[in-house]
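Descriptive analysis of the structure
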Amino acid sequence: MLRRRFIALGGAALAAPALMRVARADTFPSRFVRLVVPFPPGGAVDNAARIIANRLSEMWGQQMVVENKGGAGGNIAAQSVLASDADGYTVYIASIGHAINQFIYPRLGYDPVADFAPVTLMCVYPNIMAVPNSSPDHSVPDFIARAKADPGKISYASSGIGTSLHLAGELFKRLAGVDLTHIPYRGAGPALGDLIPGRVDAIFSNFPSTLPYVQNGQLRGLAVTTAKRQPEVPDLPAIAEFVPGYDVSSWFALFVAAKTPPEIVAKLNADALAALNHPPVKQRYATLGATVVGSTPTELATFLKAEMDRWGPVIKAAGIKVDG
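So, here is what we can say about the structure in this document. For clarity, every value in this text was computed on a predicted model and none was experimentally measured. (Residues numbered from 1 in each chain as written. Predicted model: local features only at pLDDT ≥ 70, side-chain atom pairs only at ≥ 80, totals over all residues. Heavy atoms only, no water.)

**Examining the overall build of the chain**
- A count of helices and strands for the chain gives 11 helices and 10 strands.
- The C-alpha atoms of the chain give a radius of gyration of 22 Å, which matches the 20 Å a tight globule of 324 residues would have.
- Principal axes of the C-alpha set define a box for the chain whose edges measure 95 × 40 × 30 Å.
- When burial is assessed residue by residue, the chain has 53% of its 324 residues classed as buried.
- Contacts in the chain between residues far apart in sequence, at least 24 positions, make up 78% of those at least 6 positions apart.
- Carbon and sulfur atoms form 57% of the exposed surface of the chain, whose accessible area is close to 14000 Å². (Helix = DSSP H or I, 4+ residues; strand = E, 2+ residues; numbered from the N terminus. Rg over C-alpha atoms; globule rule 2.2 N^0.38 Å. Buried < 20%, exposed > 50% of the residue type's maximum accessible area, 1.4 Å probe, protein only. Contact = heavy atoms within 4.5 Å. Areas by Shrake-Rupley, 256 points an atom, 1.4 Å probe, with all protein chains shown as cover.)

**Quick look at the side chain of Asp201**
- Its place among the elements puts Asp201 in the loop between helix H7 (188-195) and strand S7 (202-206).
- Of the side chains with opposite charge, Arg146 lies nearest to the buried Asp201, which makes no salt bridge, at 4.1 Å.
- Of the polar contacts made by the side chain of Asp201, one reaches the backbone nitrogen of Ser155; its length is 2.9 Å.
- When near neighbours in sequence (up to four residues on either side) are disregarded, Asp201 contacts Ala130, Val131, Pro132, Phe143, Arg146, Lys153, Ile154, Ser155 and Leu195. (Lys, Arg positive; Asp, Glu negative; His and termini not counted. Salt bridge = Lys/Arg side-chain N within 4 Å of Asp/Glu carboxyl O. Polar contact = N/O pair within 3.5 Å; in protein donor to acceptor, adjacent residues only side chain to side chain.)

**A few points about the environment of Ser159**
- When you line up the elements, Ser159 lands in the loop between strand S5 (155-158) and helix H6 (164-176).
- Judged by its relative accessible area of 6%, Ser159 falls in the buried class.
- Placed 120 residues apart in sequence, Ser159 and Phe39 show a C-alpha to C-alpha distance of 8.2 Å.
- If we ignore the near neighbours within four places in the chain, the residues touching Ser159 are Phe39, Leu165, Tyr185, Arg186, Gly187 and Ala188.
- Of the polar contacts made by the side chain of Ser159, one reaches the side chain of Thr163; its length is 3.2 Å.

**Considerations on the packing of helix H4 (residues 97-104) against helix H11 (residues 297-318)**
- Direction vectors running N to C along H4 and H11 enclose 40°, while the axes themselves pass 8 Å from each other. Along this stretch, H4 crosses H11, giving a crossing that reads as right-handed. Counting all contacts with H4, which are made through His98, Ala99, Ile100, Gln102, Phe103 and Ile104, the residues of H11 involved are Leu304, Glu307, Met308, Trp311, Gly312, Ile315 and Lys316.
- Here the contact of H4 with H11 is composed, by residue class, of 8 nonpolar, 3 polar and 2 charged. (Axes fitted to C-alpha atoms, helices over the stretch in contact; angles between N-to-C directions. Left-handed = near helix turned anticlockwise from the far one by under 90°. Nonpolar A, V, L, I, M, F, W, Y, C, P; charged D, E, K, R; others polar.)

**Re the packing of aromatic side chains**
- One pass over the structure, following the stated rule, counts 11 aromatic pairs.
- Taken together, a centroid distance of 5.8 Å and an interplanar angle of 35° make the contact between Tyr92 and Phe116 tilted. One end of the pair, Tyr92, is in strand S3 (residues 90-94); the other, Phe116, is in strand S4 (residues 116-132), with 24 residues separating them in the sequence.
- Ring geometry for Phe143 and Phe172: centres 6.0 Å apart, planes at 65°, overall edge-to-face. A residue pair is termed long-range when its members are at least 10 positions apart, and Phe143 in helix H5 (residues 140-149) and Phe172 in helix H6 qualify at 29 residues.
- Over the aromatic face of Tyr89 sits the side chain of Arg31, whose NZ or CZ is 3.8 Å from the ring centroid. (Phe/Tyr/Trp six-rings, centres within 6.5 Å; stacked < 30°, edge-to-face > 60°. Lys NZ or Arg CZ within 6 Å of the ring centre and 35° of its normal.)

**A word on the side chain of Ser205**
- Locating Ser205 in the fold gives a position in strand S7.
- A polar contact of 2.8 Å, which involves the side chain of Ser205, links it to the side chain of Thr210.
- With sequence-adjacent residues up to four places away left out, Ser205 is seen in contact with Asn127, Ile128, Leu165, Ala188 and Thr210.

**Concerning helix H2 (residues 44-60)**
- Between its first and last C-alpha atoms H2 spans 24 Å; for 17 residues at 1.5 Å apiece the expected length is 24 Å, and the two agree.
- When we look at burial in H2, the residues that qualify are Ala44, Val45, Asp46, Ala48, Ala49, Ile51, Ile52, Ala53, Leu56, Ser57 and Trp60.
- Gly61 occupies a position one or two residues after H2 and carries a positive phi of about 70°. (Expected span 1.5 Å × (residues − 1).)

**A closer look at the nonpolar core**
- With 48 residues, the main nonpolar core has Phe143, Phe172 and Tyr246 as its most contacted residues.
- In this view, Phe143 contacts Met129, Val131, Asp137, Ile154, Phe172, Leu180, Asp201, Ala202 and Leu222; residues no more than four positions away in its chain are not counted.
- Counting 39 residues, the second-largest nonpolar core is a separate cluster that includes Leu35, Val66, Ala117 and Tyr125. (Core = buried A, V, L, I, M, F, W, Y, C linked by side-chain atoms within 4.5 Å.)

**Comments concerning the pairing of strand S9 (residues 249-257)**
- Taking burial as the measure, the 9 residues of S9 include 8 buried ones, the bulk of the element.
- When S4 meets S9, the two strands line up antiparallel, connected through 9 bridges. Each bridged residue has a counterpart across the sheet, and for Cys123 the counterpart in S9 is Phe252. (Pairing = 2+ DSSP bridges.)

Printed below as a string of structure tokens:
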């Protein structure tokens, strides 16, 4: 009898952690959740973050608070996530920098794979090549001709070294055979702020941050960066129509610290997918030119590795790096 009771108590003790994990996932979140954005307000990442944060706040009855931590191409934000408790209450919205910063920064301070648990790929979207309304360029061939006539005198802005905007510009330089001067900013918002009045000559910026300026006439769109034209701007050609082989798309994804309990990661994944597939949310992303994807954590891990394999050789060949 005593032996049976001991076995029963032992079984209950073994089951207790599993029951606690289920209960913890069922009650998550019980307070506000931080969504860390690696760039200042006003850029594409910030816009995308606020859309999903608003929906998750509605679903949870708890606020998802957006925190902008710009600098070092996303590294400051990434390190702040890792410095927080790995409990799911700090989520990181990342873009291409999470895949490529290891090739650009000599001392990254973290491992983008080992130190982070993938949650879901959110969406993919094209970039758009835009110039100020004061620009003499009305087409991609115009821009190329002017750049070839004045090597190094034509500038393009980006949201930082190693961002998708920077890579899009570098790929354009290589394939179009032009010499452009790269001007990095601490986010797409500040870059666009200097592009509109003509302090820089061009940008290869994300749809979510740039398309509204093109649609309302504050900037002149020249082309999209994808291999084919986009339905949101059917009159804009693809850069590939003039520069064969050119094709650049961007993406956003959610990550948490690697030691976050698996059941919390699963809960975040399920809730994020529900938020992304909510019709008004999908429409808001579509309005910005982004296509909702959604994925399992495993699929995001595979996607991240593919991005590393794709861009690593390009970055090394172009000599893109940050000193220090």
